[in-house]
Amino acid sequence: QQQVKQSPQSLIVQKGGISIINCAYENTAFDYFPWYQQFPGKGPALLIAIRPDVSEKKEGRFTISFNKSAKQFSLHIMDSQPGDSATYFCAASRGSSGGSNYKLTFGKGTLLTVNP
Amino acid sequence: DSGVTQTPKHLITATGQRVTLRCSPRSGDLSVYWYQQSLDQGLQFLIQYYNGEERAKGNILERFSAQQFPDLHSELNLSSLELGDSALYFCASSVVASGPQHFGDGTRLSIL
């Protein structure tokens, strides 16, 4: 059972364009939604995260949009740069709702290529 | 640099063998997580420790075990290795059990 579905699998964007990656989740107990960026040979690096009490969070060129009713969230990368070329993972966990299991459930990843 | 250190970076061994992967969390982080990354399964949670105690288990095989030591470093032990165990193994740490998780650069395990 894939609890977090991510799309598209791959994305090619021109420099300066907007990159959009979407995720949908099934478990309504999830309340913490981070995005990770992974370069080849490196571990996933935390990019930005959101909790469901807000519909949008922006950090620099990166924005998360969150739709609780649709159980969807997305990452927008504005003014995409060749250096943004990487694999992006969405994830979800029960970050603050109690219990002891804060494991991250990851999407399958999106390979982003930004052409110069 | 996330501050999470994993050793070794690469490990090549044969089927049936046993290996130990080591993780040093960021300074001050009490919680350690282990994940497996493979092409077909993606990133999968294996096990979590908090301040030396096991907190949660995911899809971890019985051949795999882990522990967190008093100095908070953690080790993942993989035994009776099979070809299908070839993967990247990541460790992540967080200050508290529910905090943001920061990943190391992983150990690439290749089973020949």
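Definitions and limits used
- Residues numbered from 1 in each chain as written.
- Chains lettered and ligands numbered in written order.
- Predicted model: local features only at pLDDT ≥ 70, side-chain atom pairs only at ≥ 80, totals over all residues.
- Heavy atoms only, no water.
- Disulfide = S-S within 2.5 Å.
- Helix = DSSP H or I, 4+ residues; strand = E, 2+ residues; numbered from the N terminus.
- Buried < 20%, exposed > 50% of the residue type's maximum accessible area, 1.4 Å probe, protein only.
- Contact = heavy atoms within 4.5 Å.
- Buried area = accessible area lost by both parts, 1.4 Å probe.
- Salt bridge = Lys/Arg side-chain N within 4 Å of Asp/Glu carboxyl O.
- Nonpolar A, V, L, I, M, F, W, Y, C, P; charged D, E, K, R; others polar.
- Polar contact = N/O pair within 3.5 Å; in protein donor to acceptor, adjacent residues only side chain to side chain.

Draft legend 1. View of the state of the cysteines. All names here are of chain A. Enumeration according to the criterion identifies two disulfides over all chains in this entry. In this model Cys23 forms its disulfide with Cys90; the gap between the sulfur atoms is 1.8 Å. Judged by the sign of its S-S torsion, about -90°, the cystine formed by Cys23 and Cys90 is left-handed. Placement of the pair is Cys23 in strand β3 (residues 19–25) and Cys90 in strand β9 (residues 86–92), with a sequence separation of 67 residues. Side by side, Cys23 and Cys90 carry an identical accessibility label, which is buried.

Draft legend 2. Seen up close, the interface of chain B and chain A. Across the boundary between the two partners, chain B contributes 20 residues, which contact 18 residues of chain A. Taking both partners together, chain B and chain A bury about 1,600 Å²; carbon and sulfur atoms supply 55% of that area. Taken together, the links from chain B to chain A amount to one salt bridge. Salt-bridge contacts for B:Asp105 lead to A:Lys42; the nearest nitrogen and oxygen are separated by 3.6 Å. For the side of chain B that touches chain A, the secondary structure elements donating two or more residues are β4 (31–38), β5 (42–50), β6 (53–57) and β10 (102–103) of chain B. Here the side of chain B that touches chain A takes four residues from β5(B), the largest share from any one element. Counted by class, the side of chain B that touches chain A contains nine nonpolar, eight polar and three charged residues.

Draft legend 3. Here's a closer look at the environment of B:Asp71. Residue and element names in this part refer to chain B. Tracing the chain through its elements places Asp71 in the loop between β7 (64–68) and β8 (74–78). Relative accessible area serves as the criterion here: at 52%, Asp71 is assigned to the exposed category. Asp71 sits 41 residues away from Leu30 along the chain, and the two C-alpha atoms are 9.7 Å apart. A polar contact is formed between the side chain of Asp71 and the side chain of His73, at a distance of 2.7 Å.

Honestly, that's just the spatial picture; any functional story needs more than this.
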